[in-house]
Amino acid sequence: MEPVLNTESDACGLNSHLNKERTLVQAQRLEAGVPSTPHHLTSVAPGQNQIPNRHTNNGISSKSPPTDVRLLAKDIQEFLEDFYRIYGSFIPLQKRDVLRHLKRKFNTDFSGRKNIVFQEVTKYQDVMFQEPVPCFQVLYKKHTLTLEDLSTLADQNWLNDQVMNMYGELIMESTHHKVHFLNSFFHRQLMTKGYDGVKRWTKQVDLFSKSLLLVPIHLEVHWCLVTADIANKKICLYDSQGTALQKVARNILKYLMVEARERKQTDFESGWAVSYDERIPQQTNENDCGVFVLEYSRRLALEKPQQFSQKDIPKIRKRIYKELCDCKLHEQG
């Protein structure tokens, strides 16, 4: 796994691509003659020539499964180079990604040769670490993620605000904005400057027309989540350590009551209930609270049960990394 990078480093120059709001930027190719990333995933920095993609359109090759380890290694290398271009690192790589690629390409199950496959993966990862992508960014709407931001999803690192807020954007998009995710700085601003400090944050948003409001709360060294079921006027606190005070939820309650008064939504000025869900999955370390908040949010927004545990977090981190780079939530995982 790559070392965690400094999250304060400067961003690189950006290019737009096909009028989409999401762009990956890389300052140089890793190696001449390597297939380019799919056209919908990347743009090339000024002065670069995009390399033709040698893969078939449907991702399935007519070639027979290679029996020569060198040929297999070459195909694995090409896959890893493409993966590295798309995601900027091997942080989100899972073993099943490589096996799935080989199965698609050769229409053969390689699980019986996985020891050889994974040896080649490890070997090539070590080589790639010596040639890191010098500048990698993901742009989506108003959000910019650098490789440093994405690296907070590695191992047991603490997630930063950039990751939290862009993922919240993807959640809203996946629900066609029936769910609203408030910026991670919202609660902090509310507590320091009161309602006047945040009233403009929803100038273009009618919170009371939403089905669900998600509010990530950062309490110095801990993330928790407050939700508001607008239709049923229910506010709930989700805390993966069970330590957050319910007054955090009441802060959001007070805000919504004032917001209702300011927006002349009299039906929402009273009658709210506040609760704390004790049945949700809990973390067993001190580092994954941010990941739990994003997973709670994702499942609530998509109306899926909170059926995951601490042992699932490494895979969830990888999935979130990929979703951020792909600028959409994945159906599976």
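- Going by an unreviewed UniProt entry, the protein chain carries the name Ubiquitin-like protease family profile domain-containing protein and comes from Pogonophryne albipinna.
- Per UniProt, the protein chain carries the Subcellular location (unreviewed entry) text "Nucleus, Nucleolus".

### So, the side chain of Glu323
Step number 1: Looking at where Glu323 falls in the secondary structure, it is placed in helix α9 (residues 313-326).
Step number 2: Taking relative accessible area as the criterion, Glu323 reaches 0% and is therefore assigned buried.
Step number 3: Among residues more than four places away in sequence, those in contact with Glu323 are Tyr167, Leu170, Arg298, Lys328, Leu329 and His330.

### Notes on helix α1 (residues 69-87)
Step number 1: With 19 residues, α1 extends 26 Å between its outermost C-alpha atoms, agreeing within 8% with the 27 Å of an ideal straight helix rising 1.5 Å per residue.
Step number 2: Across the 19 residues that make up α1, a large majority, 14, are buried.
Step number 3: Positive backbone phi, at 75°, marks Gly88, one or two positions downstream of α1.

### Here we look at the environment of Asn183
Step number 1: Considering the arrangement of structural elements, one finds Asn183 in the loop between β4 (179-181) and α6 (186-193).
Step number 2: Classification of Asn183 by relative accessible area gives partly exposed; the value is 25%.
Step number 3: When the C-alpha positions of Asn183 and Val215 are compared, they lie 7.3 Å apart, and in sequence the two are 32 residues distant.
Step number 4: When sequence neighbours within four positions are dropped, the list of residues in contact with Asn183 reads Asn165, Trp201 and Pro216.
Step number 5: Polar side-chain contacts of Asn183 include one of 2.8 Å to the backbone nitrogen of Phe185.

### What about the packing of aromatic side chains?
Step number 1: Tallied over the entire structure, the rule returns 14 aromatic pairs.
Step number 2: On the numbers, 4.9 Å between centres and 80° between planes, the contact of Phe186 with Tyr255 is edge-to-face. Of the two residues, Phe186 sits in helix α6 while Tyr255 sits in helix α7 (residues 247-262), which places them 69 residues apart along the sequence. Just as Phe186 is buried, Tyr255 falls in that class too.
Step number 3: A centroid spacing of 6.3 Å and a plane angle of 45° characterise the contact between Phe268 and Trp272, whose relative ring orientation is tilted. An identical accessibility class is assigned to Phe268 and Trp272; each is buried.
Step number 4: Through successive ring pairs, a cluster of aromatic residues spans Phe79, Phe83, Tyr84, Tyr87 and Phe90.

### Quick look at the confidence of the model for the protein chain
Step number 1: Averaged over the protein chain, the pLDDT score is 82; the fraction of residues at 70 or greater is 77%.
Step number 2: Here residues 1-62 is a poorly scored stretch, pLDDT under 50, and it has 133 contacts once near neighbours within four places are set aside; other chains count.

### Quick look at the pairing of strand β3 (residues 143-146)
Step number 1: As defined by bridge partners, strand β2 (residues 137-140) adjoins β3 across four bridges and the pair is classed as antiparallel. Bridge assignment links Tyr140 to a residue of β3, and that residue is His143.
Step number 2: If you look at the hairpin formed by β2 and β3, you'll find two residues sitting between the two strands, and Lys141 has a positive phi there, around 55°.

### So, unusual backbone geometry
Step number 1: Of note in the backbone geometry, Lys141 takes a positive phi value of approximately 55° without being a glycine.
Step number 2: Along the chain, Lys141 turns up in the loop between β2 and β3.
Step number 3: According to the relative accessible area criterion, Lys141 is partly exposed, its value standing at 36%.
Step number 4: For Cys327, which is not glycine, the phi torsion reads 60° and is therefore positive.
Step number 5: Secondary-structure assignment places Cys327 in the segment after α9.
Step number 6: Residue Cys327 is classed as buried on the basis of its relative accessible area of 12%.

### Brief notes about the pattern of salt bridges
Step number 1: Applying the stated rule across the entire model yields 15 salt bridges.
Step number 2: Between Lys322 and Asp97 there is a salt bridge, with its nearest N and O atoms 2.7 Å apart. Taken together, the residues Lys322 in helix α9 and Asp97 in helix α2 (residues 95-106) connect sequence positions 225 residues apart.
Step number 3: Judged by its relative accessible area of 12%, Lys322 is buried.
Step number 4: Using a relative accessible area of 8% as the deciding quantity, one classes Asp97 as buried.
Step number 5: In this structure, Arg279 engages Asp277 in a salt bridge whose closest nitrogen and oxygen atoms are separated by 3.6 Å.
Step number 6: We classify Arg279 as exposed; its relative accessible area is 75%.

### As for the sheet that holds β4
Step number 1: Taken together, five strands build an open sheet; the order of strands is β4-β5-β6-β7-β8 and the sheet is mixed. At either margin of the open sheet sits one strand with a lone partner, and together these are β4 and β8 (273-276). When the angles between neighbouring strand axes are averaged without regard to direction, this sheet yields 20°.
Step number 2: In terms of strand pairing, strand β6 (residues 223-229) meets strand β7 (residues 234-238) through five bridges, oriented antiparallel. Along β7, the bridge assignment pairs Asp229 with Lys234.

Rules behind the numbers
- Residues numbered from 1 in each chain as written.
- Predicted model: local features only at pLDDT ≥ 70, side-chain atom pairs only at ≥ 80, totals over all residues.
- Heavy atoms only, no water.
- UniProt positions renumbered as here; feature names shortened; annotations may be inferred.
- Helix = DSSP H or I, 4+ residues; strand = E, 2+ residues; numbered from the N terminus.
- Buried < 20%, exposed > 50% of the residue type's maximum accessible area, 1.4 Å probe, protein only.
- Contact = heavy atoms within 4.5 Å.
- Expected span 1.5 Å × (residues − 1).
- Polar contact = N/O pair within 3.5 Å; in protein donor to acceptor, adjacent residues only side chain to side chain.
- Phe/Tyr/Trp six-rings, centres within 6.5 Å; stacked < 30°, edge-to-face > 60°.
- pLDDT = per-residue confidence, 0-100.
- Pairing = 2+ DSSP bridges.
- Salt bridge = Lys/Arg side-chain N within 4 Å of Asp/Glu carboxyl O.
- Axes fitted to C-alpha atoms, helices over the stretch in contact; angles between N-to-C directions.

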